[in-house]
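As a plain string of letters, each chain reads:
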Amino acid sequence: MDYKKAGVDIEAGYKAVELMKKHVKETMRPEVLGGLGGFSGAFSLKAIKDMEDPVLLSGTDGCGTKVKLAFLMDKHDTIGIDAVAMCVNDVACAGGEPLFFLDYIACGKNYPEKIATIVAGVAEGCKQSGAALIGGETAEHPGLMPEDEYDLAGFAVGVVDRKDLITGENIQAGDTLIGIASSGVHSNGFSLVRKVFEMTAESLNTYYEELGKTLGEALLAPTRIYVNALKSVKNAGVTLKGCSHITGGGFDENIPRMLPDGIRAVVKKDSYEVPAIFKLLQKTGNITEQMMYNTYNMGLGMVLAVDPADVDKTMDAIRAAGDVPYVVGYCEVGEKGVTLC
């Protein structure tokens, strides 16, 4: 008896590492110390010494059951972007710059080419956000997971000067809410998605005119990364009063997280066009509108609170970063929460 006969292929692990090295190298920053293969990733903090009061930020998350679609479609090159996005967007939401990222892949069986493809997606997400991929782990779990399945999660660390932290504490009545367009369902609510649509290759490969693509392509579209958009707003001289990453729990759970007590957000549903994938999901599943807004981003991946005088500068900065902004509402005096109208 040996480890391979027990279900863990060490040689496959070595091969996977070799295959992913070129992707990881593309994410390197000057602060990264040493190469791949160490017991820990080393990152110099020398560059943040110029900050008055540097604060480290962290975020950890996974892709949820969205990975099930990757299995069914045998498409693994973008799910890693989702893992990075879910973490770095949270860091950016507090005003931070993502510094580095680590990934964790648990699989039933290590297929080196598949693992390398997943990590290539992780590396792409890191490049989009400016974070270095300084480490990770691939764990083979025979007997615990089916051989052709895996789970993916990650952890990001960023930094912000304390004076630039986005806390929401200064949001007041009359402030404007700006939403930034999402790329689709992102990485939340897929347990409901998988109940609504038949999860077969035939169903996922069905083309829908209203989507302009197949159902699988629309659902597997990677989560939008907003790091550059928020950095562009900061560089434009705008002070963001609040920032909410619209993830699990949709509008009802996430927008109030940026609000101080006594302030209520008012979001106008007709202020932007809800993407077709959400309309199809709601119609096919006979889902109430309340449940849709309480589960999904409904086309807005980030919601920002700004002073009305800064609206134009904020909109221009977001567009300059390649994202699409909308003025979606305002803040008023009231019980902390969200009113959809």
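To be clear, the structure that these remarks concern was listed above.
Residues numbered from 1 in each chain as written. Predicted model: local features only at pLDDT ≥ 70, side-chain atom pairs only at ≥ 80, totals over all residues. Heavy atoms only, no water.

Draft legend 1. Highlighting the environment of H23. By secondary structure assignment, the location of H23 is in helix 1 (residues 10–25). Taking the C-alpha atoms as reference points, H23 and V306, 283 residues apart in sequence, are found 38 Å from one another. Those residues within four positions of H23 in sequence are excluded, and the remaining contacts are A116, A120 and A123. (Helix = DSSP H or I, 4+ residues; strand = E, 2+ residues; numbered from the N terminus. Contact = heavy atoms within 4.5 Å.)

Draft legend 2. Expanded view of the sheet that holds strand 13 (residues 325–333). Ordered by their spatial adjacency, six strands build an open sheet running 10-12-7-13-11-14, and the pairing between neighbours is mixed. Both outer strands of the open sheet, strand 10 (242–245) and strand 14 (337–340), are each paired with one neighbouring strand and no more. Taken pair by pair, the neighbouring strands of this sheet meet at an average axis angle of 25 degrees, ignoring direction. Pairing of strand 7 (residues 176–181) with strand 12 (residues 300–306) involves six bridges; the strand directions are antiparallel. Paired with I178 across the two strands is L304, which belongs to strand 12. Sitting on the sheet, helix 3 (residues 79–93) is in contact with strand 10 and strand 12, with an inclination near 170 degrees to strand 10. (Pairing = 2+ DSSP bridges. Axes fitted to C-alpha atoms, helices over the stretch in contact; angles between N-to-C directions.)

Draft legend 3. Region of interest: the pattern of salt bridges. For the structure shown, the criterion picks out 16 salt bridges. As a salt-bridge pair, E97 and R29 come within 3.1 Å of each other at their nearest N and O atoms. A residue pair is termed long-range when its members are at least 10 positions apart, and E97 in strand 4 (residues 97–107) and R29 in the loop between helix 1 and strand 1 (32–33) qualify at 68 residues. Linking K127 and E124 is a salt bridge whose minimum nitrogen-to-oxygen distance equals 3.8 Å. Taken as a pair, K127 and E124 lie in helix 4 (residues 112–129) at a separation of three residues, close to a single helical turn. A cluster of three or more residues bridged by salt bridges with shared partners is formed by E26, E124 and K127. (Salt bridge = Lys/Arg side-chain N within 4 Å of Asp/Glu carboxyl O.)

Draft legend 4. Structural detail: the sheet that holds strand 6 (residues 150–161). What the four strands build is an open sheet, ordered 3-6-4-5; its pairing is mixed. With one partner strand each, in any of the chains shown, strand 3 (54–62) and strand 5 (132–140) form the two edges of the open sheet. Averaged over all neighbouring strand pairs, the angle between strand axes comes to 15 degrees, with direction disregarded. Strand contacts of helix 3: strand 3, strand 4 and strand 6, with the helix running at about 30 degrees to strand 6, the strand carrying the most contacts.

Draft legend 5. Quick look at helix 12 (residues 311–320). Every buried residue of helix 12 is listed here: V311, T314, M315, A317 and I318. Projected down its long axis, helix 12 shows its buried positions confined to an angular sector of 165 degrees, all on one face. Summarising the geometry of helix 12, the exposed residues directed more than 90 degrees from the buried face are D312 and A320. As for helix 12, its buried residues are in contact with strand 7, helix 8 (227–235), strand 12 and strand 13. Backbone geometry just downstream of helix 12 places G322 in the positive-phi region, at approximately 95 degrees. (Buried < 20%, exposed > 50% of the residue type's maximum accessible area, 1.4 Å probe, protein only. Arc of directions from axis to C-beta.)

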